[in-house]
Amino acid sequence: MKPIKQPLVVGIAGIMGSGKSTVAGVFEALGAKRVDADQLGKAMLREPAVKAAVIEAFGSGVTDAGGEIDTVKLGKLAFASPDNARRLDRVTREPLISRIKARVEELAPTSEVIVVDAALLPEWNAKPWLDVLLVVDSEEEHAVARLEANPRFKHVDVRARMKHQFERSRKTAAADMVIPNYGSLEDLKARARAIFRTLGDMRDKGKG
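Residues numbered from 1 in each chain as written. Predicted model: local features only at pLDDT ≥ 70, side-chain atom pairs only at ≥ 80, totals over all residues. Heavy atoms only, no water.

1. Focus: helix H1 (residues 20-29)
- Among the residues of H1, those classed as buried are Lys20, Val23, Ala24, Val26 and Phe27. All buried residues of H1 fall inside an arc of 155° around its axis, so they share one side. (Buried < 20%, exposed > 50% of the residue type's maximum accessible area, 1.4 Å probe, protein only. Helix = DSSP H or I, 4+ residues; strand = E, 2+ residues; numbered from the N terminus. Arc of directions from axis to C-beta.)

This is how it looks when you write it as structure tokens:
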């Protein structure tokens, strides 16, 4: 395989339910390699060292019958108070960021665009290791409605989790580009496709 230019590493963030994963999915369909922070985080919780640290921080009540971390139990406890949310962050932030960076490095030799799908990129001050930070912006009520209609979030207190993330204005203030999601799903996908073309131009002109 011929060597390619250095990939453009694009972060996509936003409040829960903003539509960031939809945008990441469009980018992936157009050829980007995707790094999903949620998937990496769930896998990380099965690793002995991280699992032990979480149990030490929150107690064995966050495990299931098989001794693995129950993410529903952990979520309810971790987002019950600001102190608990900070405790979870202290235990998981650096290990997760490390795994995201490692995955980006793994994909880099065969990728032109790598998209990091992670809601908390602004909270993590991730811009130094990203080329572009995109934030998908949506009204909170619409975001909550999307999540509550998704079976994946059936047992999640969405508003409780939102309290422990940056509010919309802080998310967008951190962005290099803001993608508005105030209309239909097709509108969002069309904007995502247009922005992906722009990112391709940026890479061709500015990297390599």
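2. Some thoughts on the packing of aromatic side chains
- Across all of its chains, the model carries one aromatic pair by this definition.
- When the ring of Phe27 is compared with that of Phe196, the centres are 5.2 Å apart and the planes differ by 50°; the resulting orientation is tilted. Of this pair, Phe27 sits in helix H1 while Phe196 sits in helix H9 (residues 185-206), and the two are 169 residues apart along the sequence.
- The aromatic ring of Phe166 is capped on one face by Arg170, whose charged end is 3.7 Å from the ring centroid. (Phe/Tyr/Trp six-rings, centres within 6.5 Å; stacked < 30°, edge-to-face > 60°. Lys NZ or Arg CZ within 6 Å of the ring centre and 35° of its normal.)

3. Things to note about the pairing of strand S1 (residues 8-13)
- Most of S1 is tucked away, with six of its six residues classed as buried.
- Going residue by residue along S1, you find Leu8, Val10 and Ile12 tucked away on one face and Val9, Gly11 and Ala13 tucked away on the opposite face as well.
- With five bridges connecting them, S1 and strand S3 (residues 113-117) associate as parallel partners. Bridged to Gly11 within S3 is Val116.
- Pairing analysis gives four bridges linking S1 to strand S4 (residues 132-137), with the strands arranged parallel. Residue pairing for S4: Ile12 is matched across the bridge by Leu134. (Pairing = 2+ DSSP bridges.)

4. Looking at the pairing of S3
- Of all five residues making up S3, five are buried, and the element is well covered by its neighbours.
- A two-sided burial pattern is seen for S3, the buried positions comprising Val113, Val115 and Asp117 on one face and Ile114 and Val116 on the other.
- Judged from the four bridges that link them, strand S2 (residues 33-36) and S3 form a sheet pairing that is parallel. Pairing of Arg34 across the sheet is with Val115, part of S3.

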